[in-house]
Amino acid sequence: MRTLLTVGAVIQSSESWIDGPAHIVIEDDRIAALAAGPYAGPQSEFDLVIRRPHALALPGLINAHGHAAMTLLRGVGDDVPLFTWLHERIFPLEAKLTGEAVYWGTLLACWEMIRSGTTCFTDMYMMMDHAAQAAAESGLRAVLSWGMVGLDEASAEAGIRNTRRFAAAWHKAADGRITVTLGPHAPYTCPPAYLTRVAELSAELGLPIQIHLAETRQEVADSLARYGASPIVHADRCGLFAHPVLAAHCVHVDDDDIAILQHRGVRVAHNPQSNLKLASGVAPVARMRAAGVTVGLGTDGAASNNNLDMFEEMRLAATLHKGVHEDAAAIPAREAFAMATELGARAVFLPEGHGTLAPGQPADIVLLDMTSPHFIPPRDLLSHVVYAAGADDVTDVFVAGRMLMAKGEVLTLDTERIRYEVRRLVSLFSGSS
Ligand SMILES: CSC[C@H]1O[C@@H](n2cnc3c(O)ncnc32)[C@H](O)[C@@H]1O
Ligand SMILES: [Zn+2]
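Residues numbered from 1 in each chain as written. Chains lettered and ligands numbered in written order. Predicted model: local features only at pLDDT ≥ 70, side-chain atom pairs only at ≥ 80, totals over all residues. Heavy atoms only, no water.

Enquirer: Just give me the short version of the UniProt feature "binding site: Zn(2+)" (unreviewed entry) in the protein, but keep the residues and values in it.
Expert: According to UniProt, the feature "binding site: Zn(2+)" (unreviewed entry) maps to His65, His67, His212 and Asp300 in the numbering used here. Across 236 residues of sequence, these annotated residues stay compact in space, with a maximum C-alpha separation of 11.8 Å. As for the second largest cavity, its lining draws on His65, His67 and Asp300 from among the annotated residues. Note on placement: His65 falls in the loop between strand E6 (61-63) and helix H1 (82-94). When residues no more than four places from it in sequence are discounted, the contact partners of His65 are Thr122, Gln210, His212, Ala248, His249, Ala269, Asn271, Leu297, Gly298, Thr299 and Asp300. Within the structure, His65 has its side chain in polar contact with the side chain of His212 (distance 3.1 Å). Along the polypeptide, His67 turns up in the loop between E6 and H1. According to the relative accessible area criterion, His67 is buried, its value standing at 9%. Setting aside residues up to four positions removed in sequence, His67 forms contacts with Asp123, Met124, Tyr125, His212, Asp300 and Gly301. (UniProt positions renumbered as here; feature names shortened; annotations may be inferred. 1 Å grid on protein atoms, 1.4 Å probe; cavity = no way out; pocket = protein on both sides within 12 Å on 5 of 7 lines; lining within 4 Å. Helix = DSSP H or I, 4+ residues; strand = E, 2+ residues; numbered from the N terminus. Contact = heavy atoms within 4.5 Å. Polar contact = N/O pair within 3.5 Å; in protein donor to acceptor, adjacent residues only side chain to side chain. Buried < 20%, exposed > 50% of the residue type's maximum accessible area, 1.4 Å probe, protein only.)

Enquirer: An account of the coordination of the zinc ion (ligand 2) is needed here, citing residue identities and associated values.
Expert: Donor atoms from the polypeptide that bind the zinc ion (ligand 2) are His65 (NE2), His67 (NE2), His212 (NE2) and Asp300 (OD), placed at 2.1 to 2.4 Å. Coordination at the zinc ion (ligand 2) is irregular: its four donor atoms span angles of 86 to 172 degrees at the metal. Sequence positions of the residues that donate to the zinc ion (ligand 2) give the spacing H-x1-H-x144-H-x87-D. Its relative accessible area of 2% is what places His65 among the buried residues. (Donors = N, O, S within 2.8 Å, 3.2 Å for Na, K, Ca; no water. Tetrahedral: all angles 85-135°; square planar, octahedral: opposite > 155°, others 65-115°.)

Enquirer: Requested: an account of the side chain of Thr119, with residues and values cited.
Expert: Counting through the fold element by element, Thr119 comes out in strand E7 (residues 118-125). You can call Thr119 buried: its relative accessible area is 1%. Those residues in contact with Thr119 that lie beyond four places of it in its chain are Gly60, Leu61, Leu140, Arg141, Asp364, Val366, Val397, Phe398 and Val399.

Enquirer: Provide a residue-level description of the site of ligand 1, including the pertinent values.
Expert: What surrounds ligand 1 is a group of 17 residues, the closest being Glu94, His185, Glu215, His249 and Asp300. The contact in question runs from a nitrogen atom of ligand 1 to an N or O atom on the side chain of His67, over 3.4 Å. Considered on its own, ligand 1 offers 460 Å² of accessible surface; in the complex 96% of this is hidden by protein. Most atoms of ligand 1, that is more than half of them, are within 2 Å of grid points of the largest pocket. Residue assignment for the shell around ligand 1 shows that the elements contributing at least two residues are H1 and E7. Considering every element that reaches the shell around ligand 1, the biggest residue donor is H1, with six residues. Partitioning the shell around ligand 1 into residue classes produces nine nonpolar, five polar and three charged. (Near = heavy atom within 4 Å. Areas by Shrake-Rupley, 256 points an atom, 1.4 Å probe, with all protein chains shown as cover. Sits in = over half its atoms within 2 Å of the grid points. Nonpolar A, V, L, I, M, F, W, Y, C, P; charged D, E, K, R; others polar.)

In structure tokens:
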């Protein structure tokens, strides 16, 4: 299928853009051509011609860390720290979740992410066949892990068994939009020998790993007391970093930890809003980036944010570290934009070039309406995207060349059915709606 998309401007990557009218030729799932000015040839050769003269095209945003079906738990456990939140508020409700709930909760997350310009997300949760089915139906790109907890024999074996089966069923499914990674939850729920088994499984299946690491001071203190090592050093000693790893958070890491992350090629997902809301702290992203660590951006789940808005994460990434370091040059707009696009793509193990708009790259494209007052004057469009724009500016979304949203209407989901089913399910397992 050949689509011609004409727009008012394009941000191709954090380093290249077209400040005026341009055209994008999409052939099936890829960008075939992208250039300034109108398309010179006959428009009759296209199956679909989409004209958005006041739109800014940019690469789809990549949510590098989350738990999609936690949309069902939005508002649960506000204003308490991580361990209280997890053990007293979240885990008891998660024990009541069903596959059906994970399906509809994930669809709700997909709706929210499409609406706000996310084209690829990661997920680490339970009953993941239902999450994968929802992701496939939504049309989004997804990097999915079956969450693994190894605190007892039954749970540990189930995590290995479920991961094997899930990888066989879903890796490269949905025309390759879905990929699978291993999902050991965290060092405090996965004993050392289990983390080593996960590392061995990663080697056997040829699949990367995503894990929560060094999120709180308490986690680090406990790791030092129990293993005589920081969570980063401990994960390395267990063999995890001999394989591709995406580490979520890395809030409390020292320079030795950062050197290990860089040397081992560990990717990091920075979740500024979740880290602030759970009072975990602020990750030393400027130091990690200066050391050459690949850092993407994530929202974490909707119960520790409480939305899935990557524009907010970009704005936080570009301002929070300036304030913490009292350095206006810390995490400049281009860096924050790269973290939400091309660096995010690298962080979640997508092929080189994903997260940019260029011929040959996947047609994962988001359009923003530039008629809003906060786009005026059109001085520096990337600056406006990071410091002024928001999810409400998103009008159209393409993933792999397919329109998922057109002029604000989501095309792949029955949003009213999602609204109804989520209300029904939430009333069942939490007695509220
Ligand atoms: C084993 S499935 C994933 C598991 O992770 C929990 N979770 C959600 N957010 C966080 C976070 O920020 N740190 C640690 N664990 C988190 C989620 O509730 C699931 O139980
Ligand atoms: Zn998380």
